[in-house]
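Tertiary structure, described
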Amino acid sequence: MATETETVDTAYYIQHHLQNLVYGKLPAGYERNYEGHVEVLDEAKWTWAHGAEDVAAMGFNAVHVDSLAWSFGLGVLFCLLFASVARKASTGVPGKLQNLVEVFVEFTQNNVRDTFHGRNPVIAPLALTVFVWVLLMNMLKLIPVDLVPEIMKLFGVEYQKIVPSTDPNITLAMSFGVFFLIIYYSIKVKGIGGFAKELSLQPFNHWAFIPFNLLLETIALIAKPISMGLRLFGNMYAGEIIFILIATMFMGSLALGVFGGLLQVSWAIFHLLVIPLQAFIFMVLTLVYLSMAHEDH
Amino acid sequence: MSINFTLVGQMVFFIVFVLFCMKYVWPPITQAMKERADKIADGLAAADRAEHDLEMAKERASEQLKEAKAEAAKIIEQAKKRGDQMVEDAKRKAQEEAERVRVAAESEVEQQVAKAREELRSQVAALAVSGAERILGDTVDASKHSAMLDKLSAEL
């Protein structure tokens, strides 16, 4: 795929693949170095980023358009697919699509039943959304790394990173969404006093230890969403890097290319395991954390 | 790899999709699945019931069959008895008839014999008279000798 890029070195290839398509606000006074000419911005400006320096200068005021677009598209796909089945859901003999959807629903239902013992109408749909959405996002990884970016390049799009779950913004956004639900339900079920007591009187139930307990429990609480988001991100990102490294082999000799092809196939097969597993872990952790939030001591 | 505004955008999507799923996906699908499970359970129960009913119907049928057989045997028995009786009656009647016919025949025969004897007797008397006439060459006055003739005919 990368035959015409003999002059492009491997490091650039890899970096290019790890760069999101970013739209953001460049600050005033920023020296923009693009394709040879340097441009100094008089005022802050929203624009497409060309390269890592631009992205770094944008800071928080930037959007990974590719990650958001793919994740939104997959979310819409999930919603439309499942809603269309839900609208026509028959109690008679189900069709193929309905069967597929019901497999997911039943799987989620069983997991929720095993893990979560309260009554809460949010939990099960949340788990289903998390599982299917993350699964779909992860599945984009099985598409060869160069395919979509090269096609997008034909339309003048410079960067394209299609797997949303290799973007920490995406995974952390979801895990923090879960985190807010944890806080909300902890307070709702136990009351503010109960929640505060849980944070301050564990693990050492003595007033002198309150600051220490608070520190420990707060760290534990915050570690939940961060570890959850970073776990998914880390697994997916590492896998993606391996795919990209394998892809660089196609730039070498024929023998190396064939070897690379074999490696890519085996790595993809391995990911048939990793993809649903990570989606499953994300869902189960969501359920476990929310179940803990509902438990009154 | 920097954290930026993408996080907020994704969080909004997340909330939207979860709410959508909560409203339009989860309830109808689980409802349909539950209804189907109920329907299947009902169907199985109905099948069980039907099987039980079939068993009972079979039992009843065999009972009725047995009854019918017994009835039939009884009827046959009665018919046989009746037949025997009829045959017996017919036999008796025939015997009686035969007896009657025999008795009638016998009496007729007796009558005939008596009649024949009478005739014979009278003829013998006539013969004897004519024989005696021939022998005597004279007319026997029947009235004159009637007493002797009567005696004669009584001896025959």
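Residues numbered from 1 in each chain as written. Chains lettered and ligands numbered in written order. Predicted model: local features only at pLDDT ≥ 70, side-chain atom pairs only at ≥ 80, totals over all residues. Heavy atoms only, no water.

Looking at the overall build of chain B
Across its full length, chain B holds two helices and zero strands. Here the C-alpha coordinates of chain B stretch approximately 190 × 25 × 20 Å along the principal axes. Sorting the 156 residues of chain B into buried and exposed places 14% on the buried side. A total of about 12,500 Å² of accessible surface is found on chain B, and carbon and sulfur atoms cover 60% of it. Put simply, chain B has 24 plus and 28 minus side-chain charges, and the middle of one group is 7 Å from the middle of the other. (Helix = DSSP H or I, 4+ residues; strand = E, 2+ residues; numbered from the N terminus. Buried < 20%, exposed > 50% of the residue type's maximum accessible area, 1.4 Å probe, protein only. Areas by Shrake-Rupley, 256 points an atom, 1.4 Å probe, with all protein chains shown as cover. Lys, Arg positive; Asp, Glu negative; His and termini not counted. Charge placed at Lys NZ, Arg CZ, Asp CG, Glu CD.)

Some remarks on the pairing of strand S1 (residues 22-26) of chain A
Residue and element names in this part refer to chain A. Note: S1 against strand S5 (residues 62-64), three bridges, orientation antiparallel. Pairing of Tyr23 across the sheet is with Val63, part of S5. The pairing of S1 with strand S4 (residues 45-48) spans four bridges and is classified as antiparallel. Residue pairing across strands places Gly24 opposite Thr47, the latter belonging to S4. (Pairing = 2+ DSSP bridges.)

Overview of the pattern of salt bridges
All names here are of chain B. Overall, the coordinates contain ten salt bridges over all chains when judged by the stated rule. A salt bridge links Asp38 to Lys34; the shortest N-O distance between them is 3.6 Å. Remark: Lys34 and Asp38 occur in helix H1 (residues 6-136); sequence separation between them is four residues, near one turn of the helix. Its relative accessible area of 52% is what places Lys34 among the exposed residues. Among the charged side chains, a salt-bridge network with shared partners connects Asp89, Arg92 and Glu96. (Salt bridge = Lys/Arg side-chain N within 4 Å of Asp/Glu carboxyl O.)

Brief notes about the sheet that holds S5(A)
All names here are of chain A. As summarised here, the arrangement of the three strands in space is S4-S1-S5, forming an open sheet in which the pairing is antiparallel. Edge positions in the sheet fall to S4 and S5, since each has one partner strand and no second. Adjacent strand axes in the sheet meet at a mean angle of 15 degrees when their direction is disregarded. Packed onto the sheet, helix H3 (residues 65-88) meets S1, S4 and S5 and runs at close to 50 degrees relative to S5. (Axes fitted to C-alpha atoms, helices over the stretch in contact; angles between N-to-C directions. Contact = heavy atoms within 4.5 Å.)

Focus: the environment of Leu65(B)
Residues and elements named next belong to chain B. Considering the arrangement of structural elements, one finds Leu65 in helix H1. Assessed through its relative accessible area of 52%, Leu65 is described here as exposed. On a C-alpha basis, the gap between Leu65 and Asn4 in space is 88 Å, while along the polypeptide they are 61 residues apart.

Some remarks on the packing of helix H4 (residues 96-115) of chain A against helix H5 (residues 123-139) of chain A
All names here are of chain A. For the pair H4 and H5, the least separation of the axes is 9 Å and the interaxial angle reads 125 degrees. Accordingly, the angle class assigned to the pair H4 and H5 is oblique. Here H4 runs over H5; the crossing is right-handed. Contact residues: Phe104, Val105, Phe107, Thr108 and Val112 in H4; Ile123, Ala124, Ala127, Leu128, Phe131, Val132 and Leu135 in H5. (Parallel < 35°, antiparallel > 145°, perpendicular 65-115°, else oblique. Left-handed = near helix turned anticlockwise from the far one by under 90°.)

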